[in-house]
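Chain and residue survey
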Amino acid sequence: MPIFKPAEWIAPKTVEEALDVLQKRKARIIAGGTGVYELAKRGMLPDAEVLLDLQSLNLEFVRVDGNVLKIGAMSRFTWLLKQAVFQRPELGGLLDSMKNVKPAQVRNVATAGGAISISLPFLDFAPSTLAFDASVVLVGAGGKQRTLTVDKFFLDYLLPDLRKGEILTEIQIPIVPSSGSAFMKLGRTAGDFALVNVCARLTFDKSGKCTDSRISLGGIANTPVRSKKGESALKGQKLTKEIVAKAAEGVSSEFEPTPSVHGSPWYKKEISKTLTRDVVYKAAERAGFPVEVK
Ligand SMILES: Cc1cc2nc3c(=O)[nH]c(=O)nc-3n(C[C@H](O)[C@H](O)[C@H](O)COP(=O)(O)OP(=O)(O)OC[C@H]3O[C@@H](n4cnc5c(N)ncnc54)[C@H](O)[C@@H]3O)c2cc1C
């Protein structure tokens, strides 16, 4: 028996046409389809009459506009991984997170916009955008546009702040000079969803003091989260082994992680501690200010 049987499939050529369909029909947007498939399999898309396929829209792009990286919502991960801009040390954490979307067949079709719009806490790219202070551009009826930071966009599990009739068209990521970033994940197997993942973006002044820090985690709450305790332990410091250990401890003590069949809250706390330590070391190294270990 088919898991999902919309009567129609529509592939508009422009965002305006797509918005028009969303106004008039009970339509479900489909980008790469990897998340839609999983939702349909679980009987979570009972109402959709129409699949609104965004593939013909011109939304696969990366542009650097001043100090902002703009990623088109329909950019597929395999395509994004080939774009030179992600070789910049400031964006290393995003590159790591996209490489961690597995298997390759999923990376070939899954899109950056779809990964954010589904609002799941255990994916890889979406939690990392939180460490980058990313924003999403949403376009609704009549072309009305809003821009929201991702911390406001992820309202709850499978609940993005997408209003009826809106399409996410672009993700905007500030590129912070003199910063480095890194992302790591632990899953049950190398190709599995994250039990926990952590992304850090660290900014340094010329003397090597950490002037700003962002640490985001996936897999431990209903949405991706930022660790204020971990961040404040690093801010204003020259990073040493002891400072990083304090930050990792702060991250692990800040949350009571959601349990899962593959990991108890205690285990997730231990993993978040280890991953935080490792991503901070990597991010600092990428920024050119390795953690002092003597
Ligand atoms: C076998 C398998 C393995 C996976 N492994 C991983 C993994 O290791 N790491 C990981 O991070 N993820 C993994 N995923 C999940 C996958 O990355 C996400 O489901 C995916 O990123 C969603 O992107 P998509 O383009 O396929 O979105 P779709 O499935 O097309 O859409 C997802 C949701 O977002 C909505 N939507 C999509 N685009 C827009 C838009 N532009 N505007 C508004 N709403 C929109 C859709 O209506 C739907 O509700 C895996 C999935 C599968 C099936």
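Residues numbered from 1 in each chain as written. Predicted model: local features only at pLDDT ≥ 70, side-chain atom pairs only at ≥ 80, totals over all residues.

Helix and strand counts for the protein stand at 11 helices and 15 strands. Against the globule reference of 19 Å for 294 residues, the protein gives a C-alpha radius of gyration of 19 Å, in line with a compact fold. C-alpha atoms of the protein, sized along the principal axes, occupy 65 × 45 × 30 Å. Each of the 294 residues in the protein was classed as buried or not, and the buried ones make up 48%. If you take every contact in the protein between residues at least 6 apart in sequence, the share linking residues at least 24 apart comes to 65%. (Helix = DSSP H or I, 4+ residues; strand = E, 2+ residues; numbered from the N terminus. Rg over C-alpha atoms; globule rule 2.2 N^0.38 Å. Buried ≥ 20, exposed ≤ 12 C-beta atoms within 10 Å, placed from the backbone. Contact = placed C-beta atoms within 7 Å.)

A separate point is the site of the ligand. Taken together, 29 residues surround the ligand, and among them G32, G35, G114, A115 and L123 come closest. Those elements that provide at least two residues to the shell around the ligand are β2 (27-30), α2 (34-41), α6 (112-117) and β10 (167-174). For the shell around the ligand, a count of residues per class yields 17 nonpolar, eight polar and four charged. If you count residues domain by domain, the shell around the ligand takes at least three from each of domain 1 (8-53) and domain 2 (62-174). (Near = placed C-beta within 6 Å. Nonpolar A, V, L, I, M, F, W, Y, C, P; charged D, E, K, R; others polar. Domains from an automatic or database assignment.)

As summarised here, the arrangement of the five strands in space is β4-β5-β10-β6-β7, forming an open sheet in which the pairing is antiparallel. The outermost strands of the open sheet, each flanked by one partner alone, are β4 (62-65) and β7 (145-149). When the angles between neighbouring strand axes are averaged without regard to direction, this sheet yields 25°. The pairing of β4 with strand β5 (residues 68-72) spans four bridges and is antiparallel. Of the residues in β5, the one forming a bridge with V64 is L69. The strands touched by helix α1 (residues 15-24) are β6 (135-139) and β10; relative to β10, the strand with the most contacts, the crossing angle is about 125°. (Pairing = 2+ DSSP bridges. Axes fitted to C-alpha atoms, helices over the stretch in contact; angles between N-to-C directions.)

With that settled, the discussion passes to the domain arrangement of the protein. When cut into domains, the protein gives domain 1 (8-53), domain 2 (62-174) and domain 3 (179-287). The C-alpha-based centres of domain 1 and domain 2 are spaced at 19 Å. Sorting the residues of the side of domain 1 that touches domain 2 by element identifies α1 and α2 as the ones contributing at least two each. Per-element tally for the side of domain 1 that touches domain 2: the top contributor is α1, with six residues.

Okay, helix α10 (residues 241-254) next. Helix length check: α10, at 14 residues, gives a terminal C-alpha distance of 20 Å against a target of 20 Å (1.5 Å per residue), a fit within 8%. Restricting attention to buried positions, one finds in α10 the residues V244, A247, A248, G250, V251 and S252. Those residues of α10 that are buried are in contact with β13 (209-218), α9 (228-234) and α11 (265-287). (Expected span 1.5 Å × (residues − 1).)

One can find K246 in helix α10. The class of K246 is partly exposed, set by 17 C-beta atoms lying within 10 Å.

Core analysis: the biggest nonpolar cluster contains 83 residues, and V196, V198, A200, L202, V279 and V280 have the highest contact counts within it. Sorting elements by how many residues they give to this core places strand β12 (residues 194-204) first, with eight residues. (Core = buried A, V, L, I, M, F, W, Y, C linked by C-beta atoms within 7 Å.)

For the rest of this paragraph, the subject is the pairing of β13. Looking along a regular strand, one sees the side chains alternate between the two faces of the sheet. Of all 10 residues making up β13, seven are buried, and the element is well covered by its neighbours. Pairing analysis gives eight bridges linking β12 to β13, with the strands arranged antiparallel. Opposite N197, over in β13, you have G218 as the bridge partner. Between β12 and β13, which pair antiparallel one after the other, the connecting turn spans four residues, and G208 there sits at a positive phi close to 95°.

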